[in-house]
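Architecture and fold: a report
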Amino acid sequence: MNSEDRRSILKCVHCGTCRAYCPVFNEYGWESTNARGRMLIAQQIDDDSDIDDSFRFSLDTCTTCGICEQMCPSGATPPDIVENARAAVVRKAGASKAQEKLKKDAVEWGNPLRESRQRLHWLESDEKEKLPDKCEYVYFAGCMTAYRYPEVARKTFDILKKFGVGVLKDEVCCGSPLLRTGSDASELIEHNLEQIKKSGAKTIITGCAGCYTTLKKDYPGELDVLHVSEFLEQKLDELDIKRLDISVSYHDPCHIGRAHGIYEAPRNVIRRICNLEEMDTHHENARCCGGGGGVRRSFSDLSQSLASKRLDEIPEKAELLVTSCPLCRSNLEMAAEDRELIDLIELLEKAIC
Amino acid sequence: MLLNRLKEIVGDKNVSNSASDICCYSSDASQVKGRPEYVVRPHNSEQVSKIVKLASENEIPVVARGAASGLAGGAVPVRGGIVLDVSGMDEIIDIDIDNLQVTIGPGVVHSRLNETLKPHGFFFPPDPGSTAMCTLAGLIANNGSGMRSVKYGTTKRYVLDLEVVLADGSIIRTGSRTLKMASGYDLTALMVGSEGTLGIITEAVLKIHPLPRARLVILLSFDSAEKAGGAVVRILSSGTIPSACEILDSTTISALKSYDPSLDIPDAGAILMVEVDGSEGAVSEASEMVKKVCEEIADDIRAARDEEESDRIWAARRIVGAAISRLDPLRNRVYVGEDVGVPIKKIPEMIENVHRISDEVGIPIMIYGHIGDGNLHTGMSIDMLSEEEWDKLHRAADLIYRKAIELGGTVSAEHGIGGARSDYMELEHPTSLPVMALIKKALDPKGILNPGKLGVDK
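Reading the values: the criteria
Residues numbered from 1 in each chain as written. Chains lettered and ligands numbered in written order. Predicted model: local features only at pLDDT ≥ 70, side-chain atom pairs only at ≥ 80, totals over all residues. Heavy atoms only, no water. Helix = DSSP H or I, 4+ residues; strand = E, 2+ residues; numbered from the N terminus. Rg over C-alpha atoms; globule rule 2.2 N^0.38 Å. Buried < 20%, exposed > 50% of the residue type's maximum accessible area, 1.4 Å probe, protein only. Contact = heavy atoms within 4.5 Å. Areas by Shrake-Rupley, 256 points an atom, 1.4 Å probe, with all protein chains shown as cover. Lys, Arg positive; Asp, Glu negative; His and termini not counted. Charge placed at Lys NZ, Arg CZ, Asp CG, Glu CD. Pairing = 2+ DSSP bridges. Right-handed = clockwise from strand over helix to strand, strands pointing away. Buried area = accessible area lost by both parts, 1.4 Å probe. Salt bridge = Lys/Arg side-chain N within 4 Å of Asp/Glu carboxyl O. Domains from an automatic or database assignment. Polar contact = N/O pair within 3.5 Å; in protein donor to acceptor, adjacent residues only side chain to side chain. Expected span 1.5 Å × (residues − 1). Axes fitted to C-alpha atoms, helices over the stretch in contact; angles between N-to-C directions. Left-handed = near helix turned anticlockwise from the far one by under 90°. Nonpolar A, V, L, I, M, F, W, Y, C, P; charged D, E, K, R; others polar.

With that settled, consider the overall build of chain B. The number of helices and strands found in chain B is 16 helices and 19 strands. The C-alpha radius of gyration of chain B comes to 22 Å, within 12% of the 23 Å expected for a compact globule of 458 residues. Once the C-alpha set of chain B is aligned to its principal axes, its extents read approximately 70 × 55 × 45 Å. Counting all 458 residues of chain B, 61% fall into the buried class. Sequence separation of 24 or more characterises 71% of the internal contacts of chain B that already satisfy a separation of 6 or more. Split by element, the accessible area of chain B, about 17,600 Å² in all, is 50% carbon and sulfur.

Okay, here's the thing in structure tokens:
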């Protein structure tokens, strides 16, 4: 570990503030499952070559939601340190079977969901043929939207194409599931970069918080990336929007909210359409849905328990919960019994005349 | 095997000797380190009693731990053994407004108690910076206090009765539910501040106080910390007792603004944050008095605009100790020499000496803290990868401790001794330390309760 990485671990003064906020610690109660504990473990991994399974558990149960970083008085950055420590574990002790499988699937199928359908299956075939070869903006759907919520991909593109936005002809997984869990994603990144180059796009637009943070943070060359809400916020006057007589609430996805400060763009879209009632915690204080950082895949009970607690924060007046990330939506939907969740784009689509 | 016996007492899920837990329960916010052999999370007094009996039979240490937000290593198992994490015993057992008291489990977090009491119009006055995470038993075991002790006193004033597990596993009650008690030795007071060396707190009855009807924060700017120290003497000798009286020097002000850039705090050599509370009339009278006695030496005096601004100022103040680390990416706050207390009249002299020590050793030292009760927090941040800076840090801390004792003060006003300051106990308490050691020996003959702390079992 270089001295810069070492210093970033040492930024944690072990005051314990994160105990009050870490949602995973709130579930387990063991010090090894909060940010302070994970900082100690990251240091131990650096000092010691023996990687115990309990270290993996501590690191892998972190959703990387970043509430600890938000609240940390000393300016520590636990989500980055956890991701680096996960990578160090893989380097020192090798990937777990689950990690190996995840990587194999993502590279082999182009998505970690083992979906064999064409990436652009959500587009009509005649539409595919009409796609422009070059465009200034491209829509990056991401695996979850393309395969789990294809109607959202469809509706998003229907709106975006009015503004000349294209799609990548052969998009693959952005690499987020691998990078967040300590694996290398260079093959996927190189493939997508090549596709972006071919498209001629200067700006990539995505509706997935995981893809957003990965494209923005982990891809070389500082890509110009917009969340779909940021793009559409600027186009609202050009869309024929009718006001809907409903109240909704909004869940802030951690990886666009706390990680990149995108709070107002989705809210401005919502407010143009209908009444917005905030959840009990929101903006930078929003609770995590429980799905991020690989937790949903590896610790489904934990993930669902976190999702239930997030759903408890929906205000009574809200008829729908809107979010702007397919992973958050999917995780919350699994825990929701009688609550309806929709994507921001679906709300917008309802309001466009 | 001890592990199995522990599992029989608390269940498999509440015992760990995994590498991750051994690592994570080896420290608190101080530089004191020590690896436990087992971490146990009990959920009631009977379990604690059985664990302590087991430890006594096997003569292995038991170290109670709440949130481990401590700054002196009080909860660190410096001689190994069992760490008893009581943070799961977090029930607010009874709120008895008519008798002005609450009964709580040891793991109740400080802020949660006050949030629960607020709708009743009451509060538990000790107000540590670690309110968001520290547990009440930790606060009691350290006799912690915080920002409002200048008027309301320290935690010991509010503890009426404790349930304590002694070193042989027996469970005792130390006091009563009355607001006064004059029958026998004050074992409650003995346990408060004993840092888990005499017994383990498993329940507490605490006195509560009505919330004041009004509060006002006044910010006074000075060109130097020494002048601010002089102002404190003036305020207190005028007969005004503020509910809080905090000093921030120029470096601390920068740290505060770095944490919350929207805070409207003047850039000055030092600031006093003075809070007065009570009825509307009392607040008005006290604030006028503060202004009057300070106008000659203060460069600027202004009141917080509203309660929202006051709350934000206090919220930022609470975390400023750690926020110092934000000022320089290469440096981190290290908690040593950070909690001295001196008689009020000696405050300016102590500040002067801290500045002298800073120059002499060649390490920047910032000053903040509860100056109204003579408690100065000194903050040093260093490049933790530099051995030279560690040496300077320890040298400066040593000089600060010795100067505080020389001025008739203490090496710890509220954070405790733990394993970090036990070497100074003899210097501070030359005649009473042997008595403390006798008490320790009488109550814990096998020396299993938090050994290696307070200098009582060398």
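That covers the picture; the talk isn't over yet.
We now examine the overall build of chain A. When its secondary structure is counted, chain A shows 19 helices and eight strands. Relative to a compact globule of 353 residues, whose C-alpha radius of gyration would be 20 Å, chain A shows 20 Å and is just as compact. C-alpha atoms of chain A, sized along the principal axes, occupy 60 × 45 × 35 Å. A separation of at least 24 residues holds for 72% of the contacts in chain A among residues at least 6 apart in sequence. Surface accessibility of chain A: about 14,200 Å² in total, with carbon and sulfur atoms responsible for 45%. Side chains of chain A carry 48 positive and 59 negative charges; the gap between the two charge centres is 2 Å.

This part takes up the pairing of strand β5 (residues 247-251) of chain A. Residues and elements named next belong to chain A. Of all five residues making up β5, five are buried, and the element is well covered by its neighbours. Taken together, the two bridges between β5 and strand β6 (residues 275-276) define a ladder with parallel strand orientation. Paired with S247 across the bridge in β6 is N275. Where the polypeptide runs from β5 across helix α15 (residues 264-273) and back to β6, its parallel neighbour, the crossover connection is right-handed.

Contact residues are listed per partner, giving 31 residues for chain A and 42 residues for chain B. Summed over both partners, the interface of chain A with chain B buries about 2,700 Å², with 58% contributed by carbon and sulfur atoms. The largest share of the area that chain A buries against chain B comes from R7(A), W30(A) and P73(A), three residues that together contribute 25% of it. For the pair chain A and chain B, the number of links is two salt bridges.

A few words on the pairing of strand β19 (residues 375-382) of chain B. Residues and elements named next belong to chain B. For β19, the buried fraction is high: eight of the eight residues fall into the buried class. The pairing of strand β16 (residues 332-334) with β19 spans three bridges and is antiparallel. Opposite N332, over in β19, you have I382 as the bridge partner. In this structure, strand β17 (residues 340-341) lies alongside β19, joined through two bridges in antiparallel fashion. Following the sheet pairing, G341 is matched in β19 by N375. Sheet topology note: the strand β18 (residues 366-369)/β19 ladder contains three bridges and is antiparallel. Considered in β19, the bridge of Y368 is made with H377. If you look at the hairpin formed by β18 and β19, you'll find five residues sitting between the two strands, and G374 has a positive phi there, around 80°.

So, on to the domain arrangement of chain B. All names here are of chain B. When its domains are assigned, chain B resolves into domain 1 (2-87), domain 2 (88-210), domain 3 (214-323) and domain 4 (328-427). Centre-to-centre separation of domain 1 and domain 4, based on C-alpha positions: 30 Å. Each side of the interface is counted separately: domain 1 has seven residues, and domain 4 has 12 residues. At the boundary of domain 1 and domain 4, one finds zero salt bridges. Here domain 1 is connected to domain 4 by two residue pairs in polar contact (both at pLDDT 80 or more).

The next point concerns the environment of N285(A). Along the chain, N285(A) falls in the loop between β6 and α16 (295-298). In this view, N285(A) contacts I67(A), M71(A) and R258(A); residues no more than four positions away in its chain are not counted.

What follows deals with helix α3 (residues 35-47) of chain A. All names here are of chain A. Helix length check: α3 (13 residues) gives 18 Å between terminal C-alpha atoms against 18 Å at 1.5 Å per residue, within 8%. Along α3, 11 of the 13 residues are buried, which leaves the element largely enclosed by surrounding structure. N-cap assignment for α3: the residue whose side-chain oxygen lies 3.1 Å from the backbone N of R36 is N34.

Next up on the list: the environment of L102(A). Residue and element names in this part refer to chain A. You can see L102 is positioned in helix α7 (residues 97-109). On the basis of relative accessibility, which here comes to 5%, the residue L102 falls in the buried class. Sequence spacing of L102 and E316 is 214 residues, and the spatial spacing of their C-alpha atoms is 39 Å. In this structure L102 touches P112, P177, L178, T181 and R297, once residues within four positions along its chain are discounted.

A word on the sheet that holds strand β4 (residues 82-85) of chain B. Residue and element names in this part refer to chain B. Read from one edge of the open sheet, four strands run β1-β2-β4-β3, paired in mixed fashion. Unpaired on one side and paired on the other, β1 (15-16) and β3 (62-65) mark the two borders of the sheet. Examined bridge by bridge, strand β2 (residues 38-40) and β4 share three bridges and lie parallel to one another. Bridge assignment links V40 to a residue of β4, and that residue is L84. Contacting β2, β3 and β4, helix α3 (residues 45-58) crosses the sheet at an angle of about 170° to β4.

All names here are of chain A. Interaxial distance between α3 and helix α6 (residues 78-93) falls to 10 Å at its minimum, and their mutual angle equals 35°. Viewed along their axes, α3 and α6 form a crossing whose handedness is left-handed. For the pair α3 and α6, the contacting residues are A35, R38, M39, A42, I45 and D46 in the first and P78, I81, V82, A85, A88, V89 and K92 in the second. Residue classes in the contact of α3 with α6 are distributed as 10 nonpolar, no polar and three charged.

Bringing the sheet that holds strand β8 (residues 341-343) of chain A into the picture now. Residue and element names in this part refer to chain A. Strand order in the open sheet formed by four strands is β6-β5-β7-β8, and the pairing between neighbours is parallel. Since the sheet does not close on itself, it has two edges, and those belong to β6 and β8, each with one partner. Direction of pairing for strand β7 (residues 320-323) relative to β8: parallel, over a ladder of three bridges. Bridge assignment links V322 to a residue of β8, and that residue is I342.

Here we take up the side chain of N143(B). Residues and elements named next belong to chain B. Summarising the element assignment, N143 is placed in the loop between α5 (136-142) and α6 (149-152). A polar atom in the side chain of N143 sits 3.3 Å from the side chain of T154. Only 3.0 Å separates the side chain of N143 from the backbone nitrogen of K156, close enough to count as a polar contact. Excluding residues within four positions of it along the chain, N143 makes contact with T154, T155, K156, V192, G193 and E414.

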